[in-house]
Amino acid sequence: MGEVVDDLSQPVTKTTKGLIVLPGDHVVVTRLAAEHAQLRWAYSVCCQCTMCTDLCPRRLLGHPLWPHRLMRALAAGGPMDAEVAAGALLCSECGVCDHYACFMGLSPRRVNQRLKAELGSKQDVRQFSMSEGARPGFADGQVPAQRLMAHLKLIRWNQPAPFRGTLPAGARVTIPLKQHVGLAASCQVEVGEVVEPGTLLGRMAQGSLGASVHSSIAGTVTAIADGKVVIERGGGDA
Ligand code: SF4
Ligand code: SF4
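Note that the structure is predicted; figures quoted are calculated from it, not measured.

Visitor: Lay out the packing of aromatic side chains in plain terms, naming residues and giving numbers.
Guide: Within the structure shown, the criterion is met by zero aromatic pairs. The ring of W66 has R69 sitting right over it, with the charged end atom 4.3 Å from the ring centre. Over the aromatic face of W157 sits the side chain of R156, whose NZ or CZ is 4.4 Å from the ring centroid.

Visitor: Give me the site of ligand 2: which residues, what numbers.
Guide: Neighbouring residues of ligand 2: 13 residues in total, closest C56, C91, C94, C97 and N112. Of all the secondary structure elements, the ones that give two or more residues to the shell around ligand 2 are α4 (57-60), α7 (96-101) and α8 (108-119).

Visitor: Provide a residue-level description of the nonpolar core, including the pertinent values.
Guide: Judged by nonpolar contacts, the single largest core of 13 residues is most densely connected at I175, V189, V195, L201, V221, V229 and I231. At the level of elements, β1 (172-176) and β7 (228-233) are the ones that each hand at least two residues to this core. Excluding its chain neighbours within four sequence positions, the residues that come into contact with V221 are V189, E190, V191, G192, E193, V195, V229, V230 and I231. Residues C56, L65, L70 and C91 belong to the second largest nonpolar core, which totals twelve residues.

Visitor: Explain the site of ligand 1 residue by residue, including any values.
Guide: Taken together, C46, C47, Q48, C49, T50, M51, C52, H68, M71, C102, M104 and P108 make up the full set of residues adjacent to ligand 1. Secondary structure elements with two or more residues in the shell around ligand 1: α3 (51-55) and α5 (67-76). Tallied by class, residues from the shell around ligand 1 come to nine nonpolar, three polar and no charged.

Visitor: Quick rundown of unusual backbone geometry? Include the residues and the values.
Guide: Its identity is not glycine, yet Q48 carries a phi of approximately 60 degrees, on the positive side. Note that Q48 resides in the loop between α2 (35-44) and α3. Positioned with a positive phi, E93 is a non-glycine residue whose angle comes to about 60 degrees.

Visitor: Run through the sheet that holds β7, naming residues and quoting values.
Guide: An order of β1-β7-β6-β3 is seen for the four strands of this open sheet, with the pairing classed as antiparallel. The open sheet has two free edges, formed respectively by β1 and β3 (194-195), since each of these has just one partner strand.

Visitor: Hey, could you go over the side chain of H68 for me, with residue numbers and the actual values?
Guide: Tracing the chain through its elements places H68 in helix α5. When near neighbours in sequence (up to four residues on either side) are disregarded, H68 contacts Q48, T50, C52 and T53.

Visitor: How would you explain α5 if you had to name every residue and give the values?
Guide: Along α5, the positions that sit buried rather than exposed are P67, H68, L70, M71 and L74. What you see down the axis of α5 is that its buried residues fit within an arc of 160 degrees, all on one side. Immediately downstream of α5, the backbone of G77 shows phi near 75 degrees, a positive value.

Visitor: Quick one: what's the story with the side chain of H99, residue by residue and with numbers?
Guide: Within the secondary structure, H99 is located in helix α7. Residues within four places of H99 in sequence aside, it is in contact with R31, L32, R109, L148, H151 and L152.

Visitor: Please give an account of the environment of R172 that cites residues and values.
Guide: Mapped onto the fold, R172 is located in strand β1. Under the relative-accessibility criterion, R172 is labelled exposed at 54%. Along the sequence, R172 and I231 sit 59 residues apart, while their C-alpha atoms lie 5.6 Å from each other. Setting aside residues up to four positions removed in sequence, R172 forms contacts with V230, I231 and E232.

Conventions adopted
- Residues numbered from 1 in each chain as written.
- Chains lettered and ligands numbered in written order.
- Predicted model: local features only at pLDDT ≥ 70, side-chain atom pairs only at ≥ 80, totals over all residues.
- Heavy atoms only, no water.
- Phe/Tyr/Trp six-rings, centres within 6.5 Å; stacked < 30°, edge-to-face > 60°.
- Lys NZ or Arg CZ within 6 Å of the ring centre and 35° of its normal.
- Near = heavy atom within 4 Å.
- Helix = DSSP H or I, 4+ residues; strand = E, 2+ residues; numbered from the N terminus.
- Core = buried A, V, L, I, M, F, W, Y, C linked by side-chain atoms within 4.5 Å.
- Buried < 20%, exposed > 50% of the residue type's maximum accessible area, 1.4 Å probe, protein only.
- Contact = heavy atoms within 4.5 Å.
- Nonpolar A, V, L, I, M, F, W, Y, C, P; charged D, E, K, R; others polar.
- Pairing = 2+ DSSP bridges.
- Arc of directions from axis to C-beta.

Structural data, given as structure tokens:
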């Protein structure tokens, strides 16, 4: 899962699971960065073997998601079947299809990411997230982690990484109002406002998919832009 990050000023969010520093020419970096090539290859190379669907964890859990059908629809061009396209919203972007299942080196995950970006703001994933129950062969479809790491040439980075030292007390924090699937929280503060740890920065409307967002430090709101609230430390936070 994950994405290539080359802007180290990006905030850590609650969906940031871990950071791995890799050489720029590492296979994981080059594959994740090759979005345009992946979409182009999908037009011509996918042989419809269905391995991506057979091993897709979301599919194995019974969700209506068929990565190979998405690839076929993309290659065919024109309007896409609504149910097939909506399946992209159920993709967890785990990477099993591209990093493990597809022997052609294609990335249904990238296709899903693009479709999610197009559909995400218009559709509520909950209406499609109907598992029919785990499918037969669920246990056989699980991917051995060691084999996956070997496939990705990550074995040498699989070392204990205990936390050392103390957490830095940054002078400024940037807090996105949207940190997960769903809608962005509605901003509740203004530039110049003084906040405390726990002050509500963004509120989710009742019944909407998402989560409210709160300040992590005491300080002053200095900017609100691009769906992010910037707070400069000051005022004696806890
Ligand atoms: S595994 Fe690869 S080649 Fe096979 S259907 Fe999926 S995308 Fe196409
Ligand atoms: S990235 Fe999405 S489509 Fe691919 S295996 Fe994972 S959940 Fe399935």
